[in-house]
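Reading the structure
Residues per chain, in single letters:
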Amino acid sequence: GPGDMVEIDPCEVDISLVSAIDPTKTVGRPIVYFMIDVYSRIILAMSVAFDNNSILGLTNLFLNLADDKQKYCEKYGISYENPKIWPSNIIPNNVRVDRGAEFRGKEFERICNELGINRILVTPGSGSLKGVVEQSFHQLHSKQNVHVEKHGLIEKRHDSKHHQTAMLNIEEYTKMVIGFVLTHNQQCLTT
């Protein structure tokens, strides 16, 4: 049932961001971490940062899991009425992850042990074994790409001009991801 099994994964997003301090400088690609409840398909937590394969990104994800989501959204100028749209303070029984360095490390093992979460490492090279979170990243890309096409979208072509067209900073991009999460969590998804 809800809260029993979650999947966690990071994704390096195909967008180039600019510095919040100096918008003329590009600073790189954001890493989005999602924690998704397998039963309900609700995104329980998210993290947007520049930390790839790091325990810091995972720590931020778990901190977001505990955040009051309405207060978290208010920091970004976003509000919503129903707290059930994005629940807070849920500790899952099981977490399914791939064999990335951050998930195999002792620090993540310690976090899981302290929270009473059973860590399940999937077979190497089997992304389909955590298909719920993988599909969410596909949906994120398909929904965002039309909005960022000439604003820093990294196209897998030799003539991609993402550094020259980049205009979003990390805070603005985080707002986009929050909007995606709120929309995603209100959809009725069928299997």
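Here the structure is a predicted model, which is why all the values come from computation and not from measurement.

Glancing now at unusual backbone geometry. In this model, Arg41 sits at a positive phi of 70°, which is unusual for a non-glycine residue. Positive phi, normally seen in glycine, also occurs at Asn89, with a value near 60°. Note that Asn89 resides in the loop between α2 (69–74) and β6 (94–97). Under the relative-accessibility criterion, Asn89 is labelled exposed at 59%.

With that out of the way, let us pick up the pairing of strand β5 (residues 43–49). Burial runs high along β5: seven of the seven residues are buried. Pairing between strand β4 (residues 31–37) and β5: six bridges, direction antiparallel. Residue pairing across strands places Tyr33 opposite Ser47, the latter belonging to β5. Connecting β4 to the antiparallel partner β5 that follows it, the hairpin turn spans five residues, and Arg41 within it adopts a positive phi of roughly 70°.

This part is about the pairing of β4. The buried fraction of β4 is high, at seven of seven residues. The side-chain alternation of β4 yields two buried faces, one formed by Ile31, Tyr33, Met35 and Asp37 and the other by Val32, Phe34 and Ile36. When strand β1 (residues 5–12) meets β4, the two strands line up antiparallel, connected through seven bridges. In the strand pairing of β4, Cys11 is matched with Val32.

The final tally for this structure, using the stated rule, is nine salt bridges. Put simply, Arg29 and Glu12 hold a salt bridge, and the shortest N to O gap is 4.0 Å. Taken together, the residues Arg29 in the loop between β3 (26–28) and β4 and Glu12 in strand β1 connect sequence positions 17 residues apart. Overall, the relative accessible area of 26% leaves Arg29 in the partly exposed class. The exposure class of Glu12 is partly exposed, given its relative accessible area of 38%. For the salt bridge of Glu107 with Arg110, the shortest nitrogen-to-oxygen distance reads 2.3 Å. Of this pair, Glu107 and Arg110 both sit in helix α4 (residues 106–115), three residues apart, which is roughly one turn of that helix. Residue class for Arg110 comes out partly exposed when judged on its relative accessible area of 35%. The network of salt bridges with shared partners includes Asp9, Asp98, Lys130 and Glu134.

Turning our eyes to something else, we now look at helix α7 (residues 170–184). In this model, α7 (15 residues) spans 21 Å end to end at C-alpha, consistent with the 21 Å of a helix rising 1.5 Å per residue. Of the positions making up α7, those classed as buried are Tyr173, Thr174, Val177, Ile178, Phe180, Val181, Leu182 and His184. Elements in contact with the buried residues of α7: β2 (17–18), β4, β5, α2 and α5 (131–148). The backbone nitrogen of Glu171 has a side-chain oxygen 3.0 Å away, supplied by the residue at the start of α7, namely Asn169.

Turning our attention to the sheet that holds β1. In a beta sheet, neighbouring strands are held together by backbone hydrogen bonds and run either parallel or antiparallel to one another. One open sheet holds the five strands; their spatial order is β5-β4-β1-β6-β7, and the pairing between them is mixed. Only two strands of the sheet have a single neighbouring strand rather than two, namely β5 and β7 (118–121). Looking at each pair of strands side by side, their axes are set apart by 20° on average, direction ignored. The sheet strands contacting α7 are β4 and β5, and the helix crosses β5 at an angle near 165°.

Conventions and cut-offs
One numbering rule holds for all chains: residues counted from 1, following each sequence as written. Selection of residues for local features in this predicted model requires a pLDDT of at least 70, selection of side-chain atom pairs for listing and counting requires 80 or more, and totals for whole chains, interfaces and linings are taken over all residues. Heavy atoms throughout the structure, all of them, feed into the side-chain values; hydrogens and water do not. Here a helix means four or more residues in a row that DSSP labels H or I, a strand means two or more in a row labelled E, and each is numbered from the N terminus. Remark: exposure states derive from per-residue accessible area (1.4 Å probe, protein chains only) relative to the maximum for the residue type, with buried under 20%, exposed over 50%, and partly exposed in between. For two strands to count as paired, DSSP must find a minimum of two bridges between them. A pairing counts as a salt bridge when a side-chain nitrogen of Lys or Arg comes within 4 Å of a carboxyl oxygen of Asp or Glu. Multiplying 1.5 Å by the helix residue count minus one yields the expected span of that helix. Note on definitions: a residue-residue contact is assigned when non-hydrogen atoms from the two residues lie within 4.5 Å. Polar contacts, as counted here, are pairs of nitrogen or oxygen atoms within 3.5 Å of one another; within protein the pair requires one atom able to donate a hydrogen and one able to accept it, and residues that are adjacent in sequence qualify only if both atoms are side-chain atoms. To obtain an axis, a line is fitted to C-alpha atoms, over the contacting stretch when the element is a helix, and the angle between two such axes runs from 0 to 180 degrees between their N-to-C directions.

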